[in-house]
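Coordinate inspection notes
Residue-level listing of the chains:
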Amino acid sequence: MPPLTNEQIMIGRAKNALLSFFEQRLSVPKIYLDADWQGEKVDVLAIDRAGVGDVSVAILREASELTDDVLIQKLHSLPAHFKYLVTIPQTASDWDIAERSRVWDTLSRFPPLFAEDGVGRIGYILVDFKSERPSITVPISAERFRSKQNIYDLADAFASSHTADFEVREISW
């Protein structure tokens, strides 16, 4: 197996930080890393209530890749109740003020983060590597998109056919 690059390590650590983020936010989650969700790769897929509840998706990109409008269109097209764009710095060093400002300026020029009908907003998450453990900051909270039966049908089918990377397991005595 070839050695891991710093970029691979940062992405892996960011995915684990997102897993913890969803674990804390959801009541009984099943969380999947690198999921094929409706034919699209998402970095993190979280389904609440043991795989039968609300669906959250997160797509992770380096800060330098934020100029891609197709990314926001992709997030809008994904069937989910909560959608997140996640950014990591280009290097594992601290996010400096200039880099945070550049990312925020880029994000403010994106196509609208809101759904066409105004119900739902894509959230924005920053992952920071300045301490021993990656930390998460949410400058723009996700707002719930409309529920549609196909989202629940997809969640049921996915949860029953895939092994979660994290789930709350019932203890039987």
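See the structure above.
Okay, so let's go over this structure. The shown structure was predicted, so the numbers you read here are calculated from the model rather than taken from an experiment.

With that settled, consider the overall build of the protein. Across its full length, the protein holds five helices and seven strands. Traced from its N-terminal end to its C-terminal end, the protein shows the element sequence α-β-β-α-β-α-β-α-β-β-α-β. In the protein, of all internal contacts separated by at least 6 residues, the share reaching a separation of at least 24 is 61%. For the protein, the computed accessible surface area is about 9500 Å², with 50% contributed by carbon and sulfur atoms.

The backbone of Asp34 sits at a positive phi, close to 55°, despite the residue not being glycine. Note that Asp34 resides in strand β1 (residues 30–37). A positive phi angle, close to 55°, is found at Gln38, a residue other than glycine. What makes Gln38 partly exposed here is its relative accessible area of 48%.

To continue, consider helix α5 (residues 149–161). Look at α5: 19 Å from first C-alpha to last across 13 residues, which is about the 18 Å you get at 1.5 Å a residue. Next to the buried residues of α5 lie β1, β2 (40–47), α2 (48–51) and β3 (55–62).

Turning our attention to the side chain of His81. Turning to its location among the elements, His81 is positioned in the loop between α3 (69–77) and β4 (82–88). Residue classification places His81 among the buried positions, given a relative accessible area of 0%. Reaching out from His81, the side chain makes a polar contact with the side chain of Ser147 at a distance of 3.2 Å. Polar side-chain contacts of His81 include one of 3.4 Å to the side chain of Tyr152.

The rules behind the values
- Every chain begins its residue count from 1, and numbering advances along the sequence as written.
- Note on the predicted model: pLDDT of at least 70 is required for a residue's local features to be given, and 80 or more for side-chain atom pairs to be given and counted; whole-chain, interface and lining totals, by contrast, use all residues.
- Side-chain measures were taken over the full set of non-hydrogen atoms in the model, leaving aside hydrogen atoms and water.
- Strands are runs of DSSP state E lasting at least two residues, helices are runs of H or I lasting at least four, and both sets are numbered from the N terminus onward.
- For this analysis, residues touch if any pair of their heavy atoms sits within 4.5 Å.
- Here the Shrake-Rupley method, with its probe set to 1.4 Å, supplies the accessible areas, and only the displayed protein chains count as covering residues.
- A simple rule labels every residue: compare its accessible area, found with a 1.4 Å probe on the protein chains alone, to the largest value its type can have, and call it buried under 20%, exposed over 50%, or partly exposed in between.
- One less than the number of residues in a helix, times 1.5 Å, gives the span that helix is expected to have.
- Counted as a polar contact is a pair of N or O atoms within 3.5 Å, where, for protein atoms, one must be capable of donating a hydrogen and the other of accepting one, and residues adjacent in sequence contribute only when both atoms are in side chains.

Don't take any of this as a statement about function, it's just geometry.
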